[in-house]
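# Reading the structure
Each chain, letter by letter, is given below.
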Amino acid sequence: MTTLQFKNVYVQSSGCAVGPLEKAGPLGEYFTNAFSDNYCEESTFEKAERRLIKEAVSDTLKKGKLTTHDIALAYGGDLINQCASSNYFAKDLKVPFVSLYGACSTSALAMGHAAIAVEHLQMKHVLAFTSSHTATAERQFRYPNEYGTQKKETTTSTVTGAGAVVLGSKPAAIAVTAFTIGQVIDWNFSDANDMGRAMVPAAYDTLMTHFKDMNRTFDDYDLVVTGDLSKLGYAMLSDLCLKQRFQLDNKLNDCGLMIYDVNNQPIFCGGSGCACSMVVTVSKLFELLQSKRMKRILLIATGALLTPVILAQKEAIPCVAHAICFERKDA
Amino acid sequence: MNEIHLKKVAERHEPKRHKLRNALLAFVFGGLLAVIGQFAANFLVEQFQMKADESVTVVVLAVILITALCTGLGIYDNLAQWVGAGLFIPISGFANSLASEALESKSEGLIMGIGSNMFKLAGSVLTYGIVAAIVFSAIRYGVSLL
C-alpha cells in the first residue's frame, strides 16, 4: 500500500506567476501574475526564477490572508542543481524549509508532503511551491539558450513559472484526499530529447497503483491529468490504459498540453518542468473544482530523473511519478 | 511491466522525423551561404585588388562577425532550427557555439565564466581538428618518403 489517505487536509489558498509564453497560451486568462519577458525584471535568469517563486508565494499568502509567521513548514523544489532557486528563495522566507527534488514530479511531491505534515504532524498551515524557468533549465540540462542546434521533434519546452499552495486543516472548498508515492522506473529508455515517452511507464505504474490501492477506475474521477508527458507520451499512456480495457471517456489529459497551444506555439511536443503541473493545478484544475464543474481530479506529476553526466556515460533515464487527489468538499 | 512490451508500444508513437526535409534545407541553405561567400570574395578581389586567399579570409571573418551579432540578437537559434546543418557545418556553427556559450556564462564573470566556458562546445572541434591535422600530415609525410 503506497497510497496515503487524508481526512483533514484542505487547500487554504494558492497562487502562481508565469512568463510571457504561458500568458499567451490557452490558460492565459487564469494567470494574473505574468511577466512580459523571461528576465522578469531581474538581471539573470536564475534571479528571474526566484522572482517568479516570490510572486507566486506572496500571491498565495495574500489570497489566504496569511503572513509568513502563519506558515509552520515549507516544502519546495525546482530543476536547478542543489535546488538553488528554492533554497535561495527560502533564505528570505524565514520558515522551516525542506527542499525536494523529483524533477518535474516535484509539484505533487511537495504538495503530498505538505498534506502529510498537516494530517499527521498537526501543522496548521504548510506551504508547498515549485518553479522552473526555460532558460535556467536549458542551461542546466542541454545547451546555451542561443546555441543554434536543431531541436528534435520529440522535444518539450520547459514552462517558465512558479506555483504555490498553502494546505491546512481548516475546512475549505478543495480537499487533498490521497497521495500515491511512485516507484522509480527504468525501462532502458535513454533518449533525453524525448522525456515525454520516457516517463510514461512511471506514470502508468503510479496510476495503476493508485487505482488498486483506492479500488477505483477512471469512472471515479472527472479528470486524470499527467504532468508533462508531451503529445507523444500522452498517446502512449492512453494506449497502455486502453490495452488494460479502461474506458478513458476523454478523462485523461496532460498539463503540458493544457498550458500551451501545441499546434500554434513554438513549443514542439508540449510543456514540461516542475512549474508545468503546479501552475496548471493551481489555475485550471482548482478552478474546475471550485466552479463545481468537477468533483474529483487526480494529478500525476511525472519526472525524468536524468543527469547529463550519467546520461553521457550511456546509462538510461530513470523516471518517477507521484499522484495526488483533489476533491471538492461541499459545505 | 515488460520492457519489450513497453518498447513496442513506444514504437507505435514514434513521431514523423523530417530527415529528408532537413537534409534538403541544409543542402540548399548551406550551398546558398557558400555562393554568397564566393560572390563576396570575388567582389573583394575585383574592387579592392585583394589576393584571392586574402579575400577568403576576409569573408570568413565577416561570416563570424555576422553570426556573433545574430546570436546576440537572438535571431540565429531560430534560423538554425529551420535550416539545421546548413548553418551548423559552415564556420557560422563554430562562431555561434563560442558566442552563445560566452553570452550564457557572462553572469559568472570574465575569468571563470566567459574565459573558461567559451570553448566548452567548440573545444572538441579544436581538439580533433588538431589531432586530425597531425595524423593526416604524418600520412602525407610518410607518402612523400616513398
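Since the structure is predicted, the reported quantities are computational estimates derived from the model, not experimental observations.

Rules of the game
Residue positions are given per chain, counting from 1 as you read along its sequence in written order. In the order they appear in the text, chains get letters beginning with A and ligands get numbers beginning with 1. Under the rules for a predicted model, residues below a pLDDT of 70 receive no local features and side-chain atom pairs below 80 are neither given nor counted, while totals for whole chains, interfaces and linings still include all residues. In computing side-chain properties, one takes all heavy atoms of the structure into account and sets aside hydrogens as well as water. Every helix listed is a DSSP run of H or I at least four residues long, and every strand listed is a run of E at least two residues long, numbered separately from the N terminus. What a helix should span is 1.5 Å times the count of its residues minus one. Think of it in three bands: with a 1.4 Å probe and only protein chains considered, a residue is buried below 20% of the maximum accessible area for its type, exposed above 50%, and partly exposed in between. Pairs of residues are marked as contacts when any of their non-hydrogen atoms sit within 4.5 Å. For each domain, the first and last residues come from an automatic or database assignment. Note on terms: buried area is the combined drop in 1.4 Å-probe accessible area of two parts once they are placed together, counting the loss on both. What counts as a salt bridge is simple: a side-chain nitrogen of Lys or Arg found within 4 Å of a carboxyl oxygen of Asp or Glu. Definition of a polar contact: a pair of N or O atoms within 3.5 Å, with one able to donate and the other able to accept a hydrogen when the atoms are protein atoms, and with sequence-neighbouring residues admitted only if both atoms are side-chain atoms. In this classification, the charged set is Asp, Glu, Lys and Arg, the nonpolar set is Ala, Val, Leu, Ile, Met, Phe, Trp, Tyr, Cys and Pro, and all remaining amino acids, among them Gly, are polar.

### Details of helix α2 (residues 45-63) of chain A
All names here are of chain A. Here α2 is 19 residues long and its end C-alpha atoms lie 27 Å apart, about the 27 Å a rise of 1.5 Å per residue gives. For α2, the full list of buried residues reads Phe 45, Ala 48, Glu 49, Arg 51, Leu 52, Ile 53, Ala 56, Val 57, Asp 59, Thr 60 and Leu 61. On its buried face, α2 sits against β2 (10-18), α3 (84-93), β5 (125-132), α5 (134-141) and β7 (161-168). Looking one or two places after α2, you find Lys 65, whose phi comes out positive at around 50°.

### Comments concerning the domain arrangement of chain B
Partitioning chain B into domains gives domain 1 (3-87) and domain 2 (105-146). For domain 1 of chain B and domain 2 of chain B, the distance between their C-alpha centroids amounts to 21 Å.

### Here's the deal with the domain arrangement of chain A
All names here are of chain A. The assigned domain composition of chain A is domain 1 (3-168) and domain 2 (176-328). Here the C-alpha centroids of domain 1 and domain 2 sit 18 Å apart. With 58 residues of domain 1 at the contact, the number on the domain 2 side is 57 residues. In total, about 4400 Å² of surface goes out of reach between domain 1 and domain 2, with carbon and sulfur atoms giving 67% of it. Across the domain 1-domain 2 interface, the total number found is zero salt bridges. Joining domain 1 to domain 2, the criterion identifies 21 residue pairs in polar contact (both at pLDDT 80 or more). Every element with two or more residues in the side of domain 1 that touches domain 2 is listed here: β1 (3-5), β2, α1 (20-23), α4 (106-120), β5, α5, β6 (157-158) and β7. Ranked by residues supplied to the side of domain 1 that touches domain 2, first place goes to α4 with nine residues. Along the lines of polarity and charge, the residues of the side of domain 1 that touches domain 2 split into 29 nonpolar, 23 polar and six charged.

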